[in-house]
Amino acid sequence: MLYREAGQYKTSYQSDQAIFPIRQDRIGLGIILFIAFVVIPVFGNDFLINAVMIPFLIFSLAAIGLNILTGYTGLLSLGTGAFMGVGAYACYKLTTMFPNVNILVWVICSGFFSAAVGVLFGLPSLRIKGFYLAVATLAAQFFLDWCFIRVPWLYNYNSSGAIQVPERRFLDMLISAPNGQPVVRYLIVLSIVVVMTWIASNIIHGRIGRMWMAVRDQDLAAELMGIRLLPTKLSAFAVSSFYCGVSGALLVFFWYGAAESDVFNVNQSFQILFMVIIGGLGSLVGSFFGAALIFILPIVLRYVPSMLGLPIQSATVEHLTFMIIGSMIIFFLIVEPHGLARLWQIAKQKLRVWPFPY
Amino acid sequence: MDILYKIFIDPFMQMGGAPDLLIQVLWEGLVGGVLYALIALGFVLIFKASGVFNFAQGIMVVFAALTLVGLYEKGVPAFLALALTVGVMLLLAYSVERIVLKPLVNQPDIILFMATFGLTYFLIGLGELIFGGSPKQMIASQLYLPKGSIDIPMFGGSVMLQKIDIAAAIIASLMVAGLALFFQYTRIGRALRAVADSHKAALSVGISLEQIWVIVWFAAGIVALATGIMWGARSEVSFALQIIALKALPVLILGGFTSIPGAIVGGLIIGVGEKIGEFYWGPLLGNGIESWLAYMIALAFLLFRPQGLFGEKIIERI
């Protein structure tokens, strides 16, 4: 009843083409943004902001990045973790070389480094595709992983081999992890994620996004229609790696505070791939759903049983998480290949016609 | 000039100067290659017969080895444990077919590939839950696998061969020969190849997909068990092995996804190339290049011959 579009007539092409054509959707989005920007910072405690919301947003951004490549362009990538790492290390190098420039500038700039590396490893994509390309991205993963350990220049010849985030300020507030105010860090991460999601949505609904989707659906047909494959695929690699790079920089500078190369290993890549699969291939909102599910599941498993008086050992929690994630991937692929995003869409459709089934 | 000398001349001087060392490195590479080839063989079997790129092959190796050792530790005699593990692999093949593959018949390849990701994670969790995550000793002597090593004097030095490695090579070749014959000359083998070409067409000429898939996953399970035993006997049984399974991917690329000989040759090339590269050129780059050298070899190769050494060329039509 609340969610019904009766009476909302579209009188211009502009309103017909809108991303949120229904008024309730626009209001809903406004409410979500209001909660995210106002309610959570004001009423949320440090645990919610620091341990749940910040990493959730950062992983959502990485999932959007991978979704652009895998969901929209159909190129399977197993190197997401490494591209995140490139962003993080680039940001670290830049901010230690030029300490007076605002850190937020470098966070965005590090995305360009990641994009360049992504394009480099995307070059074989014209010649090879499918599983073969997945192996090429895996090559990127292992090579970059090795660089993060073996090239001491990247971590400024630290004896620990890890990158330590220096203290950085913005408007006179300490914003870098781990000592920055959680609320301030949260707001910065949130703003970056919201803006970048908005940009991604615009790219996807525009000409470039159409080209990506044409390549995904049938690359030969796309080529016959006059879409040049290599620039299209490379642009997908570039944009995707840009998003991954920024999220990697955010991960280290606004959440961990320090990181070793371990953070960006192949398991991280898999983790983000799972977010995309479960959330929904080819859906922006799905990236948020997937990140929420994969990231929050272990937290729930850790705290809920002990609240109910059934303490589970932390090792068992980890094993159970693995098993649940594994079975969930299979379940979703079988039952709903478009993931949680599709379920969300179905729910909205049902609401629209409720209480009558047609 | 100095750097050119270090890259192009010095390593060969070293090789010429100490031929026994070169042969030792070659041998180590060959043995590593045999084990990569075995893992790749499991991939090829499943890919050939079901068109599924089975990412879970690596974890199946770990799972099989863990089950064997775990059962032995629970007090089951070694050979009974072996038989029971074979049973477990059959059960696994059956349940994979029932739960994962059957509902996904005729889906795009990439979906099936991702489903095996799910299977991988499930098996990691299950294995750790049942047997614990700590590394275990493989029961090599209880299975009458040889121990110790032979020294062969050569070029003024000596080359050391581990007996277990020789056994691994022999078992691997027997298994490969058996599988090749099976694929080429039996009815089931032909049916397997038909299924690989197209699920739909195979179903329509009356081939039972269910039966074929159980058979082939079971065969891959047996290969995984053999690999697990051999690899476990060389080092130990732990979940770290699954990273090694990722090494099988460049092997596959080199050999082609559908070719059993390709898996073997690719395995040997990668194994030898990796060891030689690490030993003679590794110090120039700061060691540890083993972790990505195989991928780079495969990637470079892909650009010239995308279908692999023995793979079928895919011709696309509209």
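Residues numbered from 1 in each chain as written. Chains lettered and ligands numbered in written order. Predicted model: local features only at pLDDT ≥ 70, side-chain atom pairs only at ≥ 80, totals over all residues. Heavy atoms only, no water.

Undergrad: Give me the pattern of salt bridges: which residues, what numbers.
TA: The tally for this structure, following the rule as stated, stands at 5 salt bridges over all chains. Via salt bridges that share partners, E97(B), R98(B), K102(B) and E210(B) belong to a single interconnected network. (Salt bridge = Lys/Arg side-chain N within 4 Å of Asp/Glu carboxyl O.)

Undergrad: Explain the side chain of E128(B) to me, using residue names and the numbers behind them.
TA: If you trace the backbone, E128(B) turns up in helix α5 (residues 109-131). Every residue in contact with E128(B), bar those within four places of it in the chain, is listed here: H319(A), G133(B) and F239(B). (Helix = DSSP H or I, 4+ residues; strand = E, 2+ residues; numbered from the N terminus. Contact = heavy atoms within 4.5 Å.)

Undergrad: Lay out the environment of G286(A) in plain terms, naming residues and giving numbers.
TA: Residue and element names in this part refer to chain A. Take G286: it is sitting in helix α12 (residues 284-307). For G286, a relative accessible area of 0% puts it in the buried group. As a C-alpha pair, G286 and Q14 span 272 residues in sequence and 25 Å in three-dimensional space. (Buried < 20%, exposed > 50% of the residue type's maximum accessible area, 1.4 Å probe, protein only.)

Undergrad: So, the packing of aromatic side chains: which residues are in play, and what are the values?
TA: One pass over the structure, following the stated rule, counts 27 aromatic pairs over all chains. Taken together, a centroid distance of 6.2 Å and an interplanar angle of 25 degrees make the contact between F143(A) and W146(A) stacked. Of this pair, F143(A) and W146(A) both sit in helix α6 (residues 131-150), 3 residues apart, which is roughly one turn of the helix. Owing to a relative accessible area of 8%, W146(A) belongs among the buried residues under this scheme. For the ring pair F270(A) and F55(B), a centre distance of 5.4 Å and an interplane angle of 85 degrees mean the geometry is edge-to-face. With one member in each of two chains, F270(A) in helix α11 (residues 266-279) and F55(B) in the loop between α2 (19-50) and α3 (57-73) form a pair that bridges those chains. Each member of the aromatic cluster is reached from another via a ring pair, and the members are F270(A), F274(A), F322(A), F43(B), F53(B), F55(B), F113(B), F117(B) and Y121(B). The ring of W153(A) carries K93(A) above its face, with NZ or CZ at 4.1 Å from the centroid. (Phe/Tyr/Trp six-rings, centres within 6.5 Å; stacked < 30°, edge-to-face > 60°. Lys NZ or Arg CZ within 6 Å of the ring centre and 35° of its normal.)

Undergrad: Describe the interface of chain A and chain B, and please don't skip the residues or the numbers.
TA: Taken together, the contacts link 40 residues of chain A with 46 residues of chain B. Looking at the side of chain A facing chain B, the largest losses of area belong to F131(A), Y132(A) and W146(A), adding up to 18% of the total buried there. Linking chain A with chain B are 0 salt bridges. Here chain A is connected to chain B by 1 residue pair in polar contact (both at pLDDT 80 or more). Only α6, α9 (219-224), α11 and α13 (314-335) of chain A provide two or more residues apiece to the side of chain A that touches chain B. With 11 residues, the top contributor of residues to the side of chain A that touches chain B is α13(A). (Buried area = accessible area lost by both parts, 1.4 Å probe. Polar contact = N/O pair within 3.5 Å; in protein donor to acceptor, adjacent residues only side chain to side chain.)

Undergrad: Before we move on, can you summarise the side chain of E274(B) with the specific residues and values?
TA: All names here are of chain B. Structurally, E274 can be placed in helix α12 (residues 260-285). Here Y36 takes part through its side chain, which lies 2.9 Å from a polar atom of the side chain of E274. When neighbours within four sequence positions are excluded, E274 is seen to be in contact with Y36, K247, E290, L293 and A294.

Just distances and angles here, no functional claims.
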